[in-house]
Amino acid sequence: MSGALLSFMLMAISGRELSHSLTTYQILFFRSVIGVLVISILLSRSGWQQIKTQRLKTHWLRNIAHYAGQYGWFYGLAFIPLAEVIAIEFTTPVWTALLAFFLLKERLTGARLLALVLGIAGLLLILRPGAGVLQPAAFAVLGGALGYAFSYIQTKSLTRTDTPLCILFYMTLMQLPFGLVPSVLNWTTPAAETLPWIVLVGLTAMSAHFCMAHAFRLADATVVVPMDFLRLPLIAVVGYLFYQESIDLFVLAGAALMFSGNLLNLRAEYRRN
């Protein structure tokens, strides 16, 4: 989880730095190029036979939603404080629970309903509608969280038949043209000084998923998820030190509500199992 937290923070910083000279589409395009190379190297070692799948339609649905999630996340990095981006992203479990109820027919237990209520309350505290602090970029991140939630539902379905490397391979391959076409239409040649940031955003995107997956394999979700919420105070400190962003107490309070709901739900699930 230390590796995942470091990866997520470096990915956010590199995304912010690249947003000054590249469009969001270009950032995602270069991210996919590096991802294809990394996954190809891993498949060469573990075997290409695992990319055989009978579920290309599900892969397409997952990657359209995941790309939308990434676009909203990287777009938000350019316009609103880093801590606000991460805090809004933490609504993903709320939307995942709702989608799982409607699409997978999973039960909405009392603990899950409580997590939903606290999650929505936390979101309202962060966005503060009517207080004059709403920004379009915040809605882009919120839409991204919905995209991530739908992609998680499809990922859960795909893991029954396909390996994690297979899922990541189709993720990077299918999302490559999503960023390529709009990038070509409005192409900006990256300056030499941006190349380290381009490499960093691609590598940390892969390492974050890799470290998170291993953390879930080695420890219970009740341990892993609370550590993931450390991203918010850590990225708030990064934003303060490197970008002179003020630490918004409303954002921290809203995230605390989301964290409380998720933790209560996780503990209830742990006791049930």
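Residues numbered from 1 in each chain as written. Predicted model: local features only at pLDDT ≥ 70, side-chain atom pairs only at ≥ 80, totals over all residues. Heavy atoms only, no water.

Draft legend 1. View of the nonpolar core. Formed by 57 residues in total, the largest nonpolar core has its most connected members in W73, F74, I88, L232 and I235. Residues within four places of I235 in sequence aside, it is in contact with M9, A12, L82, A83 and I86. (Core = buried A, V, L, I, M, F, W, Y, C linked by side-chain atoms within 4.5 Å. Buried < 20%, exposed > 50% of the residue type's maximum accessible area, 1.4 Å probe, protein only. Contact = heavy atoms within 4.5 Å.)

Draft legend 2. Structural context of the pattern of salt bridges. Inspection of the entire model under this criterion finds 6 salt bridges. With its nearest N and O atoms 3.0 Å apart, the salt bridge here joins R16 to E245. Within this pair, whereas R16 is found in helix α1 (residues 2-18), its partner E245 is found in the loop between α11 (231-243) and α12 (249-272), the two being separated by 229 residues in sequence. For the pair R16 and E245, one class covers both residues: buried. One network of salt bridges, with partners in common, ties together E89, D228 and R231. (Salt bridge = Lys/Arg side-chain N within 4 Å of Asp/Glu carboxyl O. Helix = DSSP H or I, 4+ residues; strand = E, 2+ residues; numbered from the N terminus.)

Draft legend 3. Summary view of the layout of surface pockets. The volume enclosed by the second largest pocket comes to roughly 200 Å³. For the lining of the second largest pocket, the secondary structure elements donating two or more residues are α4 (82-89), α6 (110-127), α11 and α12. Residues of the lining of the second largest pocket, tallied by class, amount to 11 nonpolar, 3 polar and 4 charged. (1 Å grid on protein atoms, 1.4 Å probe; cavity = no way out; pocket = protein on both sides within 12 Å on 5 of 7 lines; lining within 4 Å. Points joined across faces, edges and corners; volume = space filled by probe spheres on them. Nonpolar A, V, L, I, M, F, W, Y, C, P; charged D, E, K, R; others polar.)

Draft legend 4. Structural detail: the packing of helix α3 (residues 56-77) against α4. Relative to each other, α3 and α4 sit at 155 degrees, their axes nearing to 9 Å. Classed by the angle they form, the pair α3 and α4 counts as roughly antiparallel. Both α3 and α4 take part in a crossing whose hand is right-handed. In this structure, α3 uses W73, G76 and L77 to contact α4, whose residues at the interface are L82, V85, I86 and E89. (Axes fitted to C-alpha atoms, helices over the stretch in contact; angles between N-to-C directions. Parallel < 35°, antiparallel > 145°, perpendicular 65-115°, else oblique. Left-handed = near helix turned anticlockwise from the far one by under 90°.)

Draft legend 5. Structural detail: the environment of S2. The topology assignment puts S2 in helix α1. Accessibility expressed as a relative area gives 56% for S2, which makes it exposed. Separated by 225 residues in sequence, S2 and M227 have C-alpha atoms that sit 8.6 Å apart.

Draft legend 6. Structural detail: unusual backbone geometry. Look at Q244: it is not a glycine, yet its phi comes out positive at around 55 degrees. Tracing the backbone through its elements, the reader meets Q244 in the loop between α11 and α12. For Q244, a relative accessible area of 65% puts it in the exposed group.

Draft legend 7. Representation of the packing of aromatic side chains. Inspection of every chain in the model, using the stated rule, returns 15 aromatic pairs. Members of the aromatic cluster, joined through ring pairs, are Y25, Y71, Y75 and F79. One Lys or Arg, R16, reaches over the ring of Y243 and ends 4.8 Å from the middle of that ring. In this arrangement the basic side chain of R231 is found over the ring face of F8, its NZ or CZ atom lying 4.1 Å from the centre. (Phe/Tyr/Trp six-rings, centres within 6.5 Å; stacked < 30°, edge-to-face > 60°. Lys NZ or Arg CZ within 6 Å of the ring centre and 35° of its normal.)

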